[in-house]
Amino acid sequence: MTVPSLGKDLLGLEPLSREQIQLILDTAEPFKEVSERAIKKVPALRGKTIVNLFFEASTRTRISFEFAEKRLSADTVNVAAQGSSVQKGENLVDTARNLESMRIDMVVIRHPSSGAAQFLAERIRSNVINGGDGMHEHPTQALLDMLTIRDRFNRIEGLRVCICGDIAHSRVARSNIWGLTKLGAEVAVCGPQSLMPGAIEELGVTVFRRIEEAIEWADVLNVMRLQLERMEAGYIPSLREYYRVFGVTLERLERAPRDVLILHPGPMNRGVEIDSRVADGPHSVILDQVTNGVAVRMAVLYLLAGGRPELAEAAKGDRGGGA
Amino acid sequence: MKPMLLRGGRVIDPSQQQDGEADVLILDGEIGGLGPNLSAPAGADVVDVSGKVVAPGLVDIHVHLREPGQEDAETVTSGAVAAAAGGFTSICAMPNTDPVTDNQAAVGFIVKQAAAARAARVYPIGAISVGQRGEQLAEFGEMVAAGAVAVSDDGHPVVSSHLMRTALEYALSFNIPVAEHCEDPALSKHGVMNAGRVATRLGLRGIPAAAEEIMVARNILMGELTGGHIHLCHISTRGSVDLIRWGKARGVNVTAEATPHHFAITHDACEGYDTNAKMNPPLRAAADVEAVAVGLADGTLDVIATDHAPHHYEAKEREFDDAPFGVVGLETALGLGMSLLVDKGRLSLPQLIDRMSTAPARIFHLPAGTLKQGVAADVVVFDPAARWVVEPEQFRSKSRNTPFRGWELLGRVERTLVGGRTAYLQGR
Ligand SMILES: [Zn+2]
């Protein structure tokens, strides 16, 4: 049997096969343990240079990638849009050319425009990892969501997962839809129609317009963040009403026919899309998601660097050479 | 000027229901005769065009020539030369230049540049409103006197129904069409491609069909209210075609055009974030593409116009959200019409010549679209059986932004005559 590889880049989950997604999740398992050690470091990417190129503010994703890179012993540089050439009007093409001439091994890119990660990947030889592009995909977030679900249920196939909230503007929702459907979950989306993208059913999901229906149906709710701008742009009347009508509240969960696992990619708007009592309650695995984020990103970096999955286990004990 | 005899071609002229083998004589830059076995005057160039189509030169009533303002993307001269290479002998330049062509001096500048180009004829279109800002009517009378053949705020819709009403009413005094880019900006806001499955997958903001159709309906009703001639640019949706059919049945003085890209390809061309497939109105779904072809065949859509919109390479070489809308079209239009409409049996060859020459000349009142004796000899000769591959590097246009790179097209322009002078000769 041939072991699947990831290819040069991780741009999204849509182009990946079920086997490739499983490979990443399986490779993440041994890396979870590294983070539990006193010395949280393995030499797998020693000598590799990684640039975290963030055109959009994101503390948590950048920190998660940075931890993953450092725990694999890579050299990392963070480039933030603020104060860099990006703000002086340098475009992505020039940025790509400059990176290329600095002989960077890998680039993690976060960008407000859909397709930016692919744009960069087509123009440089380095591996490119999409850390979130516009409303398109955020593959590592969906991978960590899936790892967290798998930890709890020991499977993904056959589970009913509902993604709730602002689907139209959410790259996390899109990546989750691709990943979960490929792994055999039943996937639904729930929210006001004004926050649903066109033709969403054609992606193979069920649409619920009432949160009560979603909660009655689901094993897992993945609650998307609702940005304040959506209210300002007129998609919903108010955050207050959103919470009353679409909020994932304790009262609603208590009426569910079964325990529902609660995920949220963060940062949360407590009292808007989610009730604090739910976020901090027994069904929430929101902090496990954060922990798993580092392991999944280590797995992605390791595999793209050419690491062999069967050696991931060995790599963590190997204090001598690289993998 | 030496006389020329085009001998033995298939001569198609929808203006006089001509379709059949004949000779065309050109004398002093005019059509001197059309018929079987014409004798060549002494000293004439006799050109054997057997197996070729001889037709009135093509007419494109919707191009953007970027001069003044963006001469690195196109100029009046480069656009006129590209037009001739595509078989066009008359083109109409939209006024969204920088500064906007919204007064007689600006119109006169285009006329002057066009005369110097010595290629296809270029007719200016004046703006509807000063600065295309949608507020105050531009001076139609003076612009028409300076050479404008129509008015349009293309690139932007006329949002105010009051302004559209007065534009249509005021235009009646000058017998010119008001050409409208139909788009409800509140619905299309931030959109970069057609709303639907592909936009959802790519995570790009969509422009719904209704953004066009609302304005198509409004403009038809404005035409009915005023009796003015409303011409609807680049129709892209099935709903718009239905509305225009309805408007014509009511007797409204409405005409409409469609672009080759809207009958050739769907929004699937945006896959991979190809910015050469980013245009406004956007590429639509398969049912819309079908409806546009049907509309052209049954005459609901009167005209094929390219919306030739050149952009510099650098402008398109960027994120999809930030790339400008537009595609070049002058040098691929005939090939796309031949390949996707005629070869597929949707339109007859004479119907294609009508939509690309006779009908647009009639609608914009241009002295073109005919081979009647005594008119200026604006003629295209093309090989309807020749296949060629689109290589943007070979374009005469200054810009290369086409989604048709590498396509094999049917129908190659052999020779374009403007006023009897050879403005393009294939292989030269
Ligand atoms: Zn337009």
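All chains use their own residue numbering, which begins from 1 and follows the written sequence. The order in which chains are written sets their letters, starting at A; the order in which ligands are written sets their numbers, starting at 1. Only residues with pLDDT of 70 or above have their local features reported here, since the model is predicted, and side-chain atom pairs are shown and tallied only from 80 upward, although totals for entire chains, interfaces and linings are computed over all residues. Excluding hydrogens and water, the side-chain values take into account all heavy atoms of the structure.

A look at the overall build of chain B
- Numbering of helices and strands runs from the N terminus, with a helix taken as a DSSP run of H or I at least four residues long and a strand as a DSSP run of E at least two residues long. Scanning chain B for helices and strands turns up 13 helices and 18 strands.
- With respect to the principal axes defined by its C-alpha atoms, chain B has extents near 65 × 45 × 45 Å.
- Relative accessibility thresholds used throughout: buried, under 20% of the residue-type maximum; exposed, over 50%; partly exposed, between the two (1.4 Å probe, protein chains only). Every one of the 428 residues in chain B was classed for burial, and the buried ones make up 62%.
- Restricting the contact set of chain B to residue pairs at least 6 apart, pairs at least 24 apart contribute 75%.
- Just so you have it, chain B exposes about 14,900 Å², and 49% of that area is on carbon and sulfur atoms.
- Positive and negative side-chain charges of chain B, numbering 37 and 51 respectively, have mean locations separated by a distance of 3 Å. Should any heavy atoms of two residues lie within 4.5 Å, those residues are counted as being in contact. The method behind every accessible area is Shrake-Rupley, applied with a 1.4 Å probe, and residues are considered shielded solely by the protein chains displayed. Residues counted as positive are Lys and Arg, residues counted as negative are Asp and Glu, and His and the chain ends are not counted. Just so you know, the charge point we use is NZ for Lys, CZ for Arg, CG for Asp and CD for Glu.

Comments concerning the coordination of the zinc ion
Residues and elements named next belong to chain B.
- We call an atom a donor if it is N, O or S and sits within 2.8 Å of the metal, or 3.2 Å for Na, K and Ca. Water is not counted, so some sites may look partial. Protein coordination of the zinc ion is provided by Asp154 (OD), His181 (ND1) and His234 (NE2), with donor distances spanning 2.0 to 2.3 Å.
- Along the chain, the residues that donate to the zinc ion are spaced as D-x26-H-x52-H. Taken together, the positions of Asp154 in the loop between β9 (151-152) and α4 (161-171) and His234 in the loop between β13 (230-232) and α8 (238-249) put the pair 80 residues apart, joining distant regions of the chain.
- Look at Asp154 and you get buried, because its relative accessible area is 2%.
- Taking relative accessible area as the criterion, His234 reaches 2% and is therefore assigned buried.

A short note on the packing of helix α1 (residues 18-34) of chain A against helix α5 (residues 139-153) of chain A
All names here are of chain A.
- In contact at an axis separation of 10 Å, α1 and α5 are set at 70° when each is read in the N-to-C sense. Accordingly, the angle class assigned to the pair α1 and α5 is roughly perpendicular. Contact residues: Ile21, Ile24, Leu25, Asp26, Ala28, Glu29 and Lys32 in α1; Leu143, Met146, Leu147, Arg150 and Asp151 in α5.
- Each residue is assigned to one class: nonpolar for Ala, Val, Leu, Ile, Met, Phe, Trp, Tyr, Cys and Pro, charged for Asp, Glu, Lys and Arg, and polar for all the others, Gly among them. A per-class count over the contact of α1 with α5 returns seven nonpolar, no polar and five charged. Orientation is described by axes fitted as lines to C-alpha atoms, over the contacting stretch for helices, and by angles from 0 to 180 degrees between their N-to-C directions. Roughly parallel refers to an angle under 35 degrees, roughly antiparallel to one over 145, roughly perpendicular to one between 65 and 115, and oblique to any angle outside these ranges.

Digging into helix α2 (residues 59-71) of chain A
Residues and elements named next belong to chain A.
- Its 13 residues give α2 an end-to-end C-alpha distance of 18 Å, which sits within 8% of 18 Å, the value for a rise of 1.5 Å per residue.
- If you check which residues of α2 are buried, you get Thr61, Ser64, Phe65, Glu66, Ala68, Glu69 and Arg71.
- Those residues of α2 that are buried are in contact with β1 (49-54), β2 (75-80), β3 (106-111), β4 (127-133), α5 and α12 (286-304).
- Here a polar contact is recorded for every N or O atom pair within 3.5 Å, except that within protein the pair must consist of a potential hydrogen donor and a potential acceptor, and residues adjacent in sequence are included only if both atoms are side-chain atoms. The opening residue of α2, the one whose side-chain oxygen lies 3.3 Å from the backbone nitrogen of Thr61, is Ser58.
- Downstream of α2 by a residue or two, Ser73 has a phi angle that is positive, lying close to 70°. The span you would expect from a helix comes to 1.5 Å times its residue count less one.

Examining the environment of Trp178(A)
- Mapped onto the fold, Trp178(A) is located in helix α6 (residues 171-182).
- On a C-alpha basis, the gap between Trp178(A) and Leu16(A) in space is 8.9 Å, while along the polypeptide they are 162 residues apart.
- Setting aside residues up to four positions removed in sequence, Trp178(A) forms contacts with Leu13(A), Glu14(A), Glu137(A), Leu203(A) and Arg201(B).

Topic: the interface of chain B and chain A
- Taken together, the 15 residues of chain B in the interface contact 26 residues of chain A.
- Two parts placed together each lose some accessible area under a 1.4 Å probe, and the buried area is that loss summed for both. Buried area between chain B and chain A, summed over both chains or domains, comes out near 1,600 Å², and the portion from carbon and sulfur atoms is 49%.
- Per-residue buried area on chain B facing chain A is highest for Thr200(B), Arg201(B) and Glu319(B); these three make up 36% of the total on that side.
- One side-chain nitrogen of Lys or Arg within 4 Å of one carboxyl oxygen of Asp or Glu is enough to make a salt bridge. Linking chain B with chain A are three salt bridges.
- Arg201(B) serves as the salt-bridge partner of Glu14(A), at 2.7 Å between the closest nitrogen and oxygen.
- Where chain B touches chain A, the interface holds nine residue pairs in polar contact (both at pLDDT 80 or more).
- Partitioned by chemical class, the residues of the side of chain B that touches chain A number three nonpolar, four polar and eight charged.

A look at the domain arrangement of chain B
All names here are of chain B.
- Domain annotation of chain B identifies domain 1 (4-54 + 375-425) and domain 2 (57-363).
- The split into domains, and so the bounds of each, comes from an automatic or database assignment of domains. Computed from C-alpha coordinates alone, the two centres of domain 1 and domain 2 are separated by 25 Å.
- Contacts between the two partners involve 39 residues from domain 1 and, on the opposite side, 49 residues from domain 2.
- For the pair domain 1 and domain 2, the summed buried surface comes to about 3,300 Å²; carbon and sulfur atoms form 66% of the total.
- Looking only at domain 1, the three residues that lose the most surface to domain 2 are Lys398, Asn401 and Phe404, adding up to 19% of its buried area.
- Between the two partners, domain 1 and domain 2, sit one salt bridge.
- Ionic pairing is found between Arg121 and Asp378, a salt bridge with its closest N-O pair at 2.7 Å.
- Of all elements in the fold, only β1 (4-13), β16 (379-389), β17 (408-418) and β18 (421-425) reach the threshold of two or more residues within the side of domain 1 that touches domain 2.
- Considered class by class, the residues forming the side of domain 1 that touches domain 2 number 21 nonpolar, nine polar and nine charged.

Structural notes on the sheet that holds strand β6 (residues 58-63) of chain B
Residues and elements named next belong to chain B.
- Two strands qualify as a pair provided that DSSP identifies no fewer than 2 bridges between them. Spatial strand order, β6-β7-β8: three strands in an open sheet with parallel pairing. The two strands at the open ends of the sheet, each matched to only one other strand, are β6 and β8 (121-124). This sheet shows a mean twist of 20° between the axes of neighbouring strands, independent of strand direction.
- Of the pairings in the sheet, the one linking strand β7 (residues 88-93) to β8 comprises four bridges and is parallel in character. Residue Ala93 lies in a different strand from β8, and its bridge partner there is Pro124.

Overview of the sheet that holds β2(A)
Residues and elements named next belong to chain A.
- Spatially, β2-β1-β3-β4 is the arrangement adopted by the four strands of the open sheet, whose pairing is parallel. Across the chains shown, the open sheet's two edge strands, defined by having one partner strand only, are β2 and β4. Ignoring which end each strand starts from, the neighbouring axes of this sheet average 15° apart.
- Pairing geometry for β1 and β3, over five bridges, is parallel. Looking at β3, one finds that Val51 is bridged to Val107.

Things to note about the packing of α5(A) against α6(A)
All names here are of chain A.
- Put simply, α5 and α6 touch, their axes get as near as 8 Å, and they point 55° apart. When the interaxial angle is binned, α5 and α6 end up oblique. The crossing of α5 and α6 is right-handed. On α6, the residues touching Pro139, Gln141, Ala142, Asp145, Met146 and Ile149 of α5 are Val172, Ser175, Asn176, Gly179 and Leu180.
- Looking at the contact of α5 with α6, its residues break down into six nonpolar, four polar and one charged. A clockwise turn of the near helix away from the far one marks a right-handed crossing, whereas an anticlockwise turn of less than a right angle marks a left-handed crossing.

Overview of the confidence of the model for chain A
- Here chain A shows a mean pLDDT of 90. Residues at 70 or above account for 91%.
- Note on residues 318-323 of chain A: pLDDT under 50 across the span, and eleven contacts to partners over four residues away in sequence or across chains. Known as pLDDT, the predictor's per-residue confidence is scaled from 0 to 100.

A few points about the side chain of Thr266(B)
All names here are of chain B.
- With respect to the element layout, Thr266 can be found in the loop between α9 (260-264) and α10 (286-298).
- We classify Thr266 as buried; its relative accessible area is 18%.
- Apart from the residues within four sequence positions on either side, Thr266 is in contact with Leu283, Arg284, Ala285, Ala286 and Val289.

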